[in-house]
Amino acid sequence: MATIDGRPAQYGISLKQLRELMEHRGREGVIKIAEIGGIHELCKKLYTSPNEGLSGSRADEEHRRETFGSNVIPPKPPKTFLTLVWEALQDVTLIILEVAALVSLGLSFYKPADEDAPVLQEEEEHHGWIEGLAILISVIVVVIVTAFNDYSKERQFRGLQNRIEGEHKFSVIRGGEVCQISVGDILVGDIAQVKYGDLLPADGCLIQSNDLKVDESSLTGESDHVKKGPDVDPMVLSGTHVMEGSGKMVVTAVGVNSQAGIIFTLLGAAVDEQEAEIKKMKKGESDVRSQIKGSQAPSQHQTTTSEVTKSESEGNHLPQSSSSAAAETGHKKEKSVLQAKLTKLAIQIGYAGSTIAVLTVIILIIQFCIKTFVIDERPWKNTYANNLVKHLIIGVTVLVVAVPEGLPLAVTLSLAYSVKKMMKDNNLVRHLDACETMGNATAICSDKTGTLTTNRMTVVQSYICEKLCKVLPTLSDIPQHVGNLITMGISVNSAYTSNIMAGHNPGDLPIQVGNKTECALLGFVQGLGVKYQSIRDEITEDKFTRVYTFNSVRKSMGTVIPRPNGGYRLYTKGASEIIMKKCAFIYGHEGTLEKFTREMQERLIREVIEPMACDGLRTISVAYRDFVPGKAGINEVHIDGEPNWDDEENIMTNLTCLCVVGIEDPVRPEVPDAIRKCQRAGITVRMVTGDNINTARSIASKCGILRPNDDFLILEGKEFNRRIRDSNGDIQQHLIDKVWPKLRVLARSSPTDKYTLVKGIIDSTVSENREVVAVTGDGTNDGPALKKADVGFAMGIAGTDVAKEASDIILTDDNFSSIVKAVMWGRNVYDSIAKFLQFQLTVNVVAVIVAFIGACAVQDSPLKAVQMLWVNLIMDTLASLALATEFPTPDLLLRKPYGRTKPLISRTMMKNILGQALYQLIIIFGLLFVGDVILDIESGRGQELNAGPTQHFTIIFNTFVMMTLFNEINARKIHGQRNVIEGLLTNPIFYTIWIFTMISQVLIIQYGKMAFSTKALSLDQWLWCIFFGIGTLVWGQLITSVPTRKLPKILSWGRGHPEEYTDGMNLGEERFDSIDSDKKPRAGQILWIRGLTRLQTQVIGGELQERLIPVPYSKSNTDQAIRVVNAFRQGLDARYGDHTNTSLAEVLRKQTSLSKRLSETSSIEYADNIPDELTIPEIDVERLSSHSHTETAV
């Protein structure tokens, strides 16, 4: 018989049997495992040991991988460059241009036989085709640039994604040692340690558990936490969240064989079938929708739910939950403010541009017809078709210039650039728009431990046997029996995942692994000269009778172990004032047992605990209690059988206090300065902590959150609740409004208090600009507050998986000063986009007016189609690159935040836009009508259709580009600063692009000839063009001198609350199916909507989701899986409301990008941890463009 690593190669249980086993729940699961012969028998069949784990040998691992699969779900390959090119080609405006150019090409070769054309025209015929070809080439350039942008963005995000996935580790036991391995390396047969806050990466059966409760809402939709245990419900599933307790499980299914993986596979199959079906439907469908969104068409069509029903019937126990609960999404957040404002703006410009473009074409054609057929009375010739096509091309070009498709591109570039740079500043951005929202933050609610402090805890004071030591005592100073109880109590009654490891290099500080408070206590035990590990080796976890795990309600932890001579001993530790109240005895002088009276308690609190807390120390008490079968001592309890461990009230009373320790967690040295910066930038920092009020006050003063002479409030959770609730105990917004403006520290607060405070500040209308709130959190229970906040920061080191899942940005160094950097980058994004807007709108206004008036006055646009496409390329793609990559400066932190209602285009910007446009129009029309006289050149007005390019029109084009280029330098400042050159050399991207554009312009003018309709200029003509260009800088100084305050407010655009803008958003989203049919865009909107949506898609998802969705904290791409499962499980999202026409399968279609993104190192996990939330977390445009927190962020 074949053997692997000294054991039979044939496992005692097959993959199929394991899959079947994992489909049972509750009692059924217990019975099934009993049928196999119990959990230990299952471990034997898998050749693993419950205490030693797998051997960890290479051959064994490989064999397991081959037999049971590995813990990854293969990703869908990324889109190829050609696919992206094809998508970029779907743009309607580009398609019209391509068609017109082809028609123009065809007509230039078309020579009707009956024509006896004059000889001169023969010469021109050679060049007739050049313009058509030039337009085609310009279109190709635009398409390639767009595709390249998408491609590089995809690469960036995939890189980011992989980096994050590598970071998710899980504790397993291999070869008797606990080790952290990457989630992708988990194998069937591994013994995994499960603890509070974990997101489970694989399916398994529990070997042992303490008070384990799991949130399975991501699979079942049931919000109640499910109690798990070997004898209650031993099955734990991948993607569920551990909300309480700890345990040990043997892994039974990984990757595609786990419950989540099975669903994925079904979804994948369903999606493929669906795509095939959609293609069939598409062929027979020619309505407007399919035109709008060539590339995203699949998501527009309804499909049947047959695939889904099929997958449901395959026994995955995924009941569709009632959609009534969908109302939960009531507190959905607004769209990202900037995104909403930009969309509305782009749509309005689109309307204006479309109107002018259509008018231009109509005027040109009418003028041509009247002149040719009415005035000159010529008969129709087929060659005239060429003239009409030329007019159409000019019209479409005006449209191309008018639609600012560079806007969304600028947002994307700016965000993508910032996100990449923020990685270096220890901010891992999971939702792109969080970066921009952060710039508007007005309030930060921060945790204390680990964020404001170093989270390197050490015991610095202790009170044992009536002796207060300010230095570490030695074991000989402590009476022996008390010393033994203390060292034993701490070693046993702390999670076995908390450890102190030696530093990497000799002389380094020891590394604290796991819960830092427990590490401080273990360090105290080591300091007494006792090895805590030897105590743990003696009392292994499977000997525990009961564990009361720490949670925010108990604020303590207890462990019950059997006593050697019968009975039980309970060890407990926790917040001192809570443990003190439960103590009836204490070891006094020389270790004598004394009654612990109320008076003694108060004295201890007054003389020991409060002074410790005022020094900023966290105080922890350690106590114990014995349950004995025989005669009981005064501090023991006599028992006859096993006590009822569930009666926690009675178990946790009459304890004997062993010691009180003061744990120091020093303030991070850089925090006070960071907080000062925030305060200077107009951001209020509040501290929300579970710690004692004195400790909190001390730390808040050290950080600078509390400043002398300020009017502030410091409240405890209880008092806070008393103040904000009415007589019926309901929270009232007007009561919160009385508290929050002055509140600086909230101590002894529960996660619910934190959530209430955040929600209260966000919903408050007291301040004129509405508050934008950022929150930091690390615990599982911070999830709701992190989701509710406008920006949720999770701790990368101390944070639990659940917190990371709910957050928008992960602080990889857990440091408050990184938040300040996020504020700086966020403000920079907002400013970069404003700079680009100021530049873009000036060009838009000028180009459109010039083309329109030129068409009316001269029967020809002074700027030709190819020239306009070049201008469009400069101002859209290149300028957005140049202006969106400005580096943030510390000056950004000197102004107040914009808040939610700040206009997008301020009066200063509008003054610059209108002022510069006026200058450019005067120059261009001056050149158009009198330029030929002034510069003494042949006039270009009234030329024949096929006449060659003239110097006159070339000068107009060149001057326009020069003014645009110099205005790009003006656009770098938006707050009315005079020095526009400042900091120019710090941005290499800007000056490289500027110089490149300038050189290209010289080449186009001198050698562009027929292709660009240009004629080479002489040196003095060039100097005139450059002179007019530099004029914009001088003119800019004049405009700056006009006082902004005198301007009417009507000149600012985009004021008001974002809700006003969100209607406009729908147009930009890929959700025409979910909008009622009357809201579907009319044909008129389609031309420009497509440009807009394609770019919005680039910004925010849609088809590009799978490359763009910024990094879920995942651990695995599969994080996102969750949503798929949710879609699967949960019927329709509230957002689709009653639009029953949106079938579930279609919703799944939108969610597939998830499965496309499941990558190599992935585990499977779900990200849905809000109770009662039975809606499909959205993962498309919305998520990125809207920071909407009810859904799980992708």
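Just so it is clear, the structure is predicted and the values come from calculations on it, not from any experiment. (Residues numbered from 1 in each chain as written. Predicted model: local features only at pLDDT ≥ 70, side-chain atom pairs only at ≥ 80, totals over all residues. Heavy atoms only, no water.)

*Asks:* Describe in detail the overall build of the protein chain, supporting the description with residues and values.
*Replies:* Scanning the protein chain for helices and strands turns up 40 helices and 29 strands. Taking all 1194 residues of the protein chain together, 62% fall into the buried category. Put simply, the protein chain shows about 44,800 Å² of open surface, and 58% of that area lies on carbon and sulfur atoms. (Helix = DSSP H or I, 4+ residues; strand = E, 2+ residues; numbered from the N terminus. Buried < 20%, exposed > 50% of the residue type's maximum accessible area, 1.4 Å probe, protein only. Areas by Shrake-Rupley, 256 points an atom, 1.4 Å probe, with all protein chains shown as cover.)

*Asks:* Mind laying out the nonpolar core, listing which residues take part and the relevant values?
*Replies:* Counting 148 residues, the largest nonpolar core has Met438, Phe793, Phe816, Leu837 and Ile905 as its most contacted members. Ranked by residues supplied to this core, first place goes to helix H29 (residues 816-858) with 22 residues. If we ignore the near neighbours within four places in the chain, the residues touching Phe793 are Asn427, Met438, Ala774, Val775, Thr776, Gly777, Leu786, Ser807, Ile809, Leu811, Ile819 and Ala822. (Core = buried A, V, L, I, M, F, W, Y, C linked by side-chain atoms within 4.5 Å. Contact = heavy atoms within 4.5 Å.)

*Asks:* Let's hear about the side chain of Glu61: which residues, and what values?
*Replies:* Note on placement: Glu61 falls in helix H4 (residues 58-68). Apart from the residues within four sequence positions on either side, Glu61 is in contact with Gly56, Arg174 and Leu187.

*Asks:* Which residues make up the sheet that holds strand E28 (residues 791-795), and what values do they have?
*Replies:* Pairing between sheet strands relies on hydrogen bonds along the backbone, with the strands arranged either parallel or antiparallel. Spatially, eight strands are ordered E10-E29-E28-E27-E11-E24-E26-E25 in an open sheet, and the strand pairing comes out mixed. Each having just a single partner strand, strand E10 (427-429) and strand E25 (713-716) make up the two edges of the open sheet. Mean inter-strand twist for the sheet, computed between neighbouring axes without regard to direction, equals 20°. Sheet analysis places strand E11 (residues 443-446) next to strand E27 (residues 773-777), joined by three bridges and oriented parallel. When the sheet's bridge partners are listed, Ala443 is paired in E27 with Val773. Sitting on the sheet, helix H15 (residues 432-439) touches E10, E11, E27, E28 and strand E29 (809-811), and the angle it makes with E28 is about 110°. Contacting E11, strand E24 (684-688), strand E26 (743-747) and E27, helix H26 (residues 751-763) crosses the sheet at an angle of about 165° to E27. (Pairing = 2+ DSSP bridges. Axes fitted to C-alpha atoms, helices over the stretch in contact; angles between N-to-C directions.)

*Asks:* Outline empty space enclosed by the protein, supporting the account with residue identities and numerical values.
*Replies:* According to the stated counting rule, one finds nine cavities of 30 Å³ or more in the structure shown. Forming the walls of the second largest cavity are 18 residues, and the residues nearest its centre are Gln838, Asn912, Asn970, Gly1036 and Thr1040. Secondary structure elements with two or more residues in the lining of the second largest cavity: H29, helix H31 (907-934), helix H32 (951-970) and helix H34 (1019-1041). Looking at the lining of the second largest cavity element by element, the count peaks at five residues for H31. (1 Å grid on protein atoms, 1.4 Å probe; cavity = no way out; pocket = protein on both sides within 12 Å on 5 of 7 lines; lining within 4 Å. Points joined across faces, edges and corners; volume = space filled by probe spheres on them.)

*Asks:* Go over H15, please, and point to the residues and values.
*Replies:* Of all eight residues in H15, eight are buried, a share of seventy percent or more. Those residues of H15 lying buried are Leu432, Asp433, Ala434, Cys435, Glu436, Thr437, Met438 and Gly439.

*Asks:* Can you lay out the pattern of salt bridges for me, pointing to particular residues and giving the numbers?
*Replies:* Across all of its chains, the model carries 35 salt bridges by this definition. Between Asp646 and Arg546 there is a salt bridge; the shortest N-O distance is 2.8 Å. Taken together, the positions of Asp646 in the loop between strand E22 (636-638) and helix H21 (648-651) and Arg546 in strand E16 (residues 546-548) put the pair 100 residues apart, joining distant regions of the chain. On the accessibility criterion, Arg546 (17% relative accessible area) is buried. When the shortest N-O distance is used, the salt bridge between Glu577 and Arg748 registers 3.0 Å. Note that Glu577 is positioned in helix H19 (residues 576-582) and Arg748 in the loop between E26 and H26, a separation of 171 residues in sequence. Arg748 gets classed as buried once you look at its relative accessible area, which sits at 17%. Through salt bridges that share partners, Asp211, Arg546, Arg554, Asp646 and Glu648 make up one connected network. (Salt bridge = Lys/Arg side-chain N within 4 Å of Asp/Glu carboxyl O.)

*Asks:* Kindly report on the environment of Gln90, identifying the contributing residues and their values.
*Replies:* Following the sequence through the fold, Gln90 ends up in the loop between helix H5 (81-89) and helix H6 (92-109). Among the residues examined, Gln90 registers a relative accessible area of 14% and is labelled buried. Separated by 53 residues in the primary sequence, Gln90 and Val143 have C-alpha atoms spaced 9.6 Å apart.

*Asks:* Describe the packing of aromatic side chains, with residues and values.
*Replies:* Scanning the entire structure with this criterion turns up 16 aromatic pairs. Between Tyr11 and Tyr47 the ring centres are 5.7 Å apart and the planes differ by 45°, which places this aromatic pair in the tilted class. Of this pair, Tyr11 sits in the loop between strand E2 (7-8) and helix H1 (15-21) while Tyr47 sits in the loop between helix H3 (39-45) and H4, placing them 36 residues apart in sequence. Their ring planes at 55° and their centres at 4.8 Å tell us that Tyr11 and Phe68 sit as a pair that is tilted. Of the two residues, Tyr11 sits in the loop between E2 and H1 while Phe68 sits in helix H4, which places them 57 residues apart along the sequence. Ring-pair connections join several aromatic residues into one group, and the members of that group are Tyr11, Tyr47 and Phe68. When the ring centre of Phe990 is taken as origin, the NZ or CZ atom of Arg972, which lies over that ring, is 5.6 Å away. (Phe/Tyr/Trp six-rings, centres within 6.5 Å; stacked < 30°, edge-to-face > 60°. Lys NZ or Arg CZ within 6 Å of the ring centre and 35° of its normal.)

*Asks:* So what's going on with the environment of Val667? Residues and values would help.
*Replies:* Along the chain, Val667 turns up in the loop between strand E23 (655-664) and helix H22 (671-680). Val667 gets classed as buried once you look at its relative accessible area, which sits at 18%. Along the chain, Val667 and Cys703 lie 36 residues apart, while their C-alpha atoms are 7.0 Å from each other. Those residues in contact with Val667, other than ones at most four positions away along the chain, are Leu452, Thr453, Thr454, Pro672, Ile699, Lys702 and Cys703.

*Asks:* Describe the side chain of Asn493, and please don't skip the residues or the numbers.
*Replies:* Summarising the element assignment, Asn493 is placed in the loop between helix H16 (480-492) and strand E14 (499-501). Judged by relative accessible area, which is 0%, Asn493 ranks as buried. In contact with Asn493, other than residues within four places in its own chain, are Met488, Met557, Gly558, Thr559, Tyr571, Thr572 and Lys573.

*Asks:* Go over the packing of H32 against H34, please, and point to the residues and values.
*Replies:* Remark: H32 packs on H34, axes separated minimally by 8 Å, with the N-to-C direction vectors making an angle of 35°. When you trace H32 past H34, the crossing you get is right-handed. Contact residues: Gln951, Ile955, Asn958, Thr959, Met962, Met963, Phe966, Asn967, Ile969 and Asn970 in H32; Gln1021, Trp1022, Cys1025, Ile1026, Phe1028, Gly1029, Ile1030, Thr1032, Leu1033 and Gly1036 in H34. Residues of the contact of H32 with H34, tallied by class, amount to 11 nonpolar, nine polar and no charged. (Left-handed = near helix turned anticlockwise from the far one by under 90°. Nonpolar A, V, L, I, M, F, W, Y, C, P; charged D, E, K, R; others polar.)

*Asks:* So, the pairing of strand E9 (residues 241-253): which residues are in play, and what are the values?
*Replies:* With 13 of 13 residues buried, E9 lies mostly within the body of the structure. Pairing between strand E5 (residues 191-195) and E9: five bridges, direction antiparallel. Bridge pairing in E9 places Ala192 opposite Met249. Strand direction decides the pairing type here: strand E6 (residues 203-215) and E9, joined by 10 bridges, are antiparallel. Along E9, the bridge assignment pairs Asp215 with His241.

Purely spatial values, then, with no claim about function.
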